[in-house]
Amino acid sequence: MTTPFQWELEIALSAVKQASQICRSVQAAITDEVLEKKDKSPVTIADFSSQAVICRALNETFPQDPIIGEEDAAELRLEENRAFLEMIVAELNAAQIPETSPENVCRWIDQGGAKEYSSRFWTLDPIDGTKGFLRKEQYAVSLALIVDGKIVLGILGCPNMPFPIDETVTGTLYYAVAGQGAFAIPLNQDQEQAAFPIRVTTTDDFSQSRFCESVESGHSSHGHSQQVAEKLDIEKEPRRLDSQAKYAVVAQGNADIYMRLPTRVGYREKIWDHAAGVLLVQEAGGTVTDITGKPLEFDQGYELKNNQGVIVTNGPLHQELIQTLGELAINE
Ligand SMILES: Nc1ncnc2c1ncn2[C@@H]1O[C@H](COP(=O)(O)O)[C@@H](O)[C@H]1OP(=O)(O)O
Ligand SMILES: [Mg+2]
Ligand SMILES: [Mg+2]
Ligand SMILES: [Mg+2]
């Protein structure tokens, strides 16, 4: 008997693993090749390579499934960016991806171009935390499958995360399937190795708790999280790291809380920045809502249209934290 989504898990894990290894090799070599997107955020050859490899693999096995991915190939098709495209082609050739050509690379990337909600789709952030990637700190390759508005499968490839039970091993692949728990495996492990189940902490004492948040104060308000920490007597310094690695840190019990507090009115979180991390934490026993305590709604297209910010906890700390955000009027 097979468990639900076993086939999807197998294909997706191998694609994320391959993409994570490409990201790692790009990071080790050069990273000063950066395109600036229209919104002024950076994108590298690793972002595009990762999206190409993962969309190619998903499309080969699940051709009917739309993919809502972060990147698209419009800029890469411009003549002025031809050299940049050739560097992506070279990365995929080095990774021995069959049928690699400039045209196919653009086509694979654009397979991740769905925008609308459908009853079954994947969502992909080929590199979440590009700024962390450029600083050679934390970043994540993030992939999730959403069926009938529910996240059923989530994977985070974290090439710079120490393995939870052996910190000498760098690079962790996290995954969760709805109802089946959350697990970590080393990114580099070639032979079959038992997946290590991860769990959130059980503390209900804020004075003993630690929270994590973005490095970038433009992505999450450090001023507001400081106010919350003072009100709740959280004494420990926040752990700042980029990307959905923050979800993994809570899921494996290295922090108790992740706060993502809006920095400007009107910003809507993107589904690919959260879907995989949310399922990982929920399956590890934790709780995720927006800053008003509402569940995140993954049936609204590519944005979390009906939500503001994100609050992640081990569970026991959740309600009082949401209440405090209300008292401080941070949720308005
Ligand atoms: N104003 C904002 N508020 C919240 N998140 C943002 C904002 N601007 C960009 N982001 C997104 O935050 C993510 C990184 O988060 P973190 O700080 O936790 O590493 C990126 O995916 C980035 O999207 P983008 O890819 O468009 O730059
Ligand atoms: Mg980006
Ligand atoms: Mg992102
Ligand atoms: Mg990204």
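Residues numbered from 1 in each chain as written. Chains lettered and ligands numbered in written order. Predicted model: local features only at pLDDT ≥ 70, side-chain atom pairs only at ≥ 80, totals over all residues.

**Some details on the overall build of the protein**
- Assigned secondary structure in the protein consists of nine helices and 14 strands.
- The globule rule puts the C-alpha radius of gyration for 332 residues at 20 Å, and the 19 Å found for the protein is close to it.
- Counting contacts in the protein only where the partners sit at least 6 residues apart, residues at least 24 apart contribute 70% of the total. (Helix = DSSP H or I, 4+ residues; strand = E, 2+ residues; numbered from the N terminus. Rg over C-alpha atoms; globule rule 2.2 N^0.38 Å. Contact = placed C-beta atoms within 7 Å.)

**A look at the packing of helix H1 (residues 6-29) against helix H2 (residues 45-61)**
- The interhelical angle for the contact between H1 and H2, taken along N-to-C directions, is 160 degrees, at an axis separation of 9 Å. It follows that H1 is roughly antiparallel to H2 by the angle criterion. Seen from above, H1 lies across H2 with right-handed handedness. Across the interface between the two elements, Ile11, Ala15, Val16, Gln18, Ala19, Ile22, Cys23, Val26 and Gln27 of H1 pack against Ile45, Ala46, Ser49, Ser50, Val53, Ile54, Ala57, Leu58 and Thr61 of H2.
- Across the contact of H1 with H2, the residue classes tally to 13 nonpolar, five polar and no charged. (Axes fitted to C-alpha atoms, helices over the stretch in contact; angles between N-to-C directions. Parallel < 35°, antiparallel > 145°, perpendicular 65-115°, else oblique. Left-handed = near helix turned anticlockwise from the far one by under 90°. Nonpolar A, V, L, I, M, F, W, Y, C, P; charged D, E, K, R; others polar.)

**Remarks on the site of ligand 1**
- Close to ligand 1 lie 14 residues; Ser41, Gly129, Ser214, His219 and Asp242 are nearest.
- Partitioned by chemical class, the residues of the shell around ligand 1 number one nonpolar, eight polar and five charged.
- Here the shell around ligand 1 spans two domains, since at least three of its residues come from each of domain 1 (6-197) and domain 2 (206-327). (Near = placed C-beta within 6 Å. Domains from an automatic or database assignment.)

**Notes on the pairing of strand S4 (residues 120-128)**
- Burial analysis of S4 places seven of its nine residues in the buried class, which makes it a mostly covered element.
- In this structure, S4 lies alongside strand S5 (residues 140-147), joined through seven bridges in antiparallel fashion. In the strand pairing of S5, aspartate 125 is matched with serine 142. (Buried ≥ 20, exposed ≤ 12 C-beta atoms within 10 Å, placed from the backbone. Pairing = 2+ DSSP bridges.)

**Remarks on the domain arrangement of the protein**
- If you check the domain split of the protein, you get domain 1 (6-197) and domain 2 (206-327).
- Each of domain 1 and domain 2 has a C-alpha centre, and these two points are 23 Å apart.
- Each partner contributes residues to the interface: domain 1 has 35 residues there, and domain 2 has 26 residues.
- Contributions of two or more residues to the side of domain 1 that touches domain 2 are made by strand S3 (67-69), S4, helix H5 (130-134), S5, strand S6 (150-163), strand S7 (166-177) and strand S8 (181-186).
- Considering each element in turn, the side of domain 1 that touches domain 2 owes the most residues, six residues, to S6.
- Counted by class, the side of domain 1 that touches domain 2 contains 19 nonpolar, nine polar and seven charged residues.

**What to know about helix H9 (residues 318-327)**
- Among the residues of H9, those classed as buried are Leu321, Ile322 and Leu325. In a view along the axis of H9, the buried residues occupy a sector of 100 degrees, so they form one face of it.
- As for H9, its buried residues are in contact with helix H6 (222-231), strand S12 (257-260), strand S13 (287-289) and strand S14 (310-313).
- Once H9 finishes, alanine 329 follows within two positions and takes phi at roughly 60 degrees, a positive value. (Arc of directions from axis to C-beta.)

**As for the UniProt feature "binding site: Mg(2+)" (unreviewed entry) in the protein**
- On the UniProt side, "binding site: Mg(2+)" (unreviewed entry) is annotated at positions that read Glu70, Asp125, Ile127, Asp128 and Asp273 here. A maximum C-alpha distance of 9.7 Å among these annotated residues, which run over 204 residues, shows that they cluster at one spot.
- Residue placement: aspartate 125 occurs in strand S4.
- When sequence neighbours within four positions are dropped, the list of residues in contact with aspartate 125 reads Glu70, Ser142, Trp272 and Asp273. (UniProt positions renumbered as here; feature names shortened; annotations may be inferred.)

**Regarding the environment of glutamine 244**
- As for its position among the elements, glutamine 244 is in the loop between strand S11 (239-240) and helix H7 (245-251).
- The exposure class assigned to glutamine 244 is buried, which follows from the 30 C-beta atoms found within 10 Å.
- Residues glutamine 244 and proline 66 lie 178 residues apart in sequence; the distance between their C-alpha atoms is 22 Å.

**Looking at the packing of H2 against helix H3 (residues 82-94)**
- Packing of H2 against H3 leaves a shortest axis separation of 9 Å and a crossing angle of 55 degrees. As far as their axial angle goes, H3 and H2 are oblique. Here H2 runs over H3; the crossing is right-handed. The segment H2 lies against H3, with Ile45, Phe48, Ser49, Ala52 and Val53 engaging Phe84, Met87, Ile88, Glu91 and Leu92.

**Observations regarding the sheet that holds S7**
- Spatially, seven strands are ordered S3-S4-S5-S6-S7-S8-S9 in an open sheet, and the strand pairing comes out mixed. This sheet does not close on itself; its edge strands, each paired only once, are S3 and strand S9 (196-197).
- Pairing between S8 and S9: two bridges, direction antiparallel. For alanine 184, the partnering residue across the bridge sits in S9 and is phenylalanine 196.
- Across the sheet, H1 lies against S4, S5, S6 and S7, angled at about 30 degrees from S6, the strand it touches most.

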